[in-house]
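Understanding the architecture of this molecule
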Amino acid sequence: QVQLVESGGGLVQPGGSLRLSCAASGIFGIYAMAWYRQAPGKQREIVASVTSGGSTNYAESVKGRFTISRDNAKNVMYLQMNSLKPDDTAVYYCNRVRAPLLPWGQGTQVTVSS
C-alpha cells in the first residue's frame, strides 16, 4: 500500500516562498493527486490538484501563487508556494483526489507570519 510523507514546511514571512514535497513509498503515477490543507478552526480543503496527465486545478484562494507538479518517475509531488499570506498558515497534506483516499501522512506545517 502507498505511504505518503510530506515535507518542506516551515516558518516564513508574508510574501515569502516555500516548496513542499510529497513522497510516496509506492507508485501513484496513475492517480490524480492533490495538496490539501487544514488551518486551525477550518475544515480540510483542496488547495491544488494534478491529474496523471498533468492537468492542474487550483483553489481560488491560491490561484496565481501556487504551482502543483509531479514527477511520476520519482513518485514525488511538489507544491511551489509563492507570495505567501498569513491565511496560508495550515498543515499541508497530499492524497488522491478521488475516493478511496490513501492513508493520510503526518502533513507538514506551514506558518506565515511577520
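Scroll up to find the structure.
Since the structure is predicted, the reported quantities are computational estimates derived from the model, not experimental observations.

The final tally for this structure, using the stated rule, is four salt bridges. Here lysine 63 ties to glutamate 60 by a salt bridge, and the two come within 2.7 Å at their closest N and O atoms. For lysine 63, a relative accessible area of 45% puts it in the partly exposed group. For aspartate 88, the salt bridge is made with arginine 65, and the minimal N-O distance between the two is 2.8 Å. You can see aspartate 88 sitting in the loop between strand S8 (76–81) and strand S9 (90–96) and its partner arginine 65 sitting in the loop between strand S6 (56–58) and strand S7 (66–71), a full 23 residues away along the chain. In terms of burial, aspartate 88 and arginine 65 fall into one category: buried. Several salt bridges converge on common partners, so that one network encompasses Arg37, Glu45, Arg65 and Asp88.

Glancing now at the environment of glutamine 3. With respect to the helices and strands, glutamine 3 occurs in the segment before strand S1 (4–7). Given the relative accessible area of 55%, glutamine 3 is considered exposed. Measuring from C-alpha to C-alpha, the distance between glutamine 3 and alanine 59 comes to 25 Å, with 56 residues separating the pair along the chain. Once residues within four sequence positions are removed from consideration, glutamine 3 is found in contact with Ala23, Ala24 and Ser25.

Let's shift gears to the pairing of S9. Judged by how many residues are buried, S9 sits mostly within the fold: seven of seven residues are covered. Two strands pair when backbone bridges link them, and strand S4 (residues 33–38) and S9 are joined in this way by six bridges, in the antiparallel orientation. When the bridges of S9 are listed, arginine 37 appears paired with tyrosine 92. Pairing of S9 with strand S10 (residues 108–112) involves three bridges; the strand directions are antiparallel. Bridging from a neighbouring strand, tyrosine 92 pairs with threonine 108 of S10.

Basis of the calculations
Residues numbered from 1 in each chain as written. Predicted model: local features only at pLDDT ≥ 70, side-chain atom pairs only at ≥ 80, totals over all residues. Heavy atoms only, no water. Salt bridge = Lys/Arg side-chain N within 4 Å of Asp/Glu carboxyl O. Buried < 20%, exposed > 50% of the residue type's maximum accessible area, 1.4 Å probe, protein only. Helix = DSSP H or I, 4+ residues; strand = E, 2+ residues; numbered from the N terminus. Contact = heavy atoms within 4.5 Å. Pairing = 2+ DSSP bridges.

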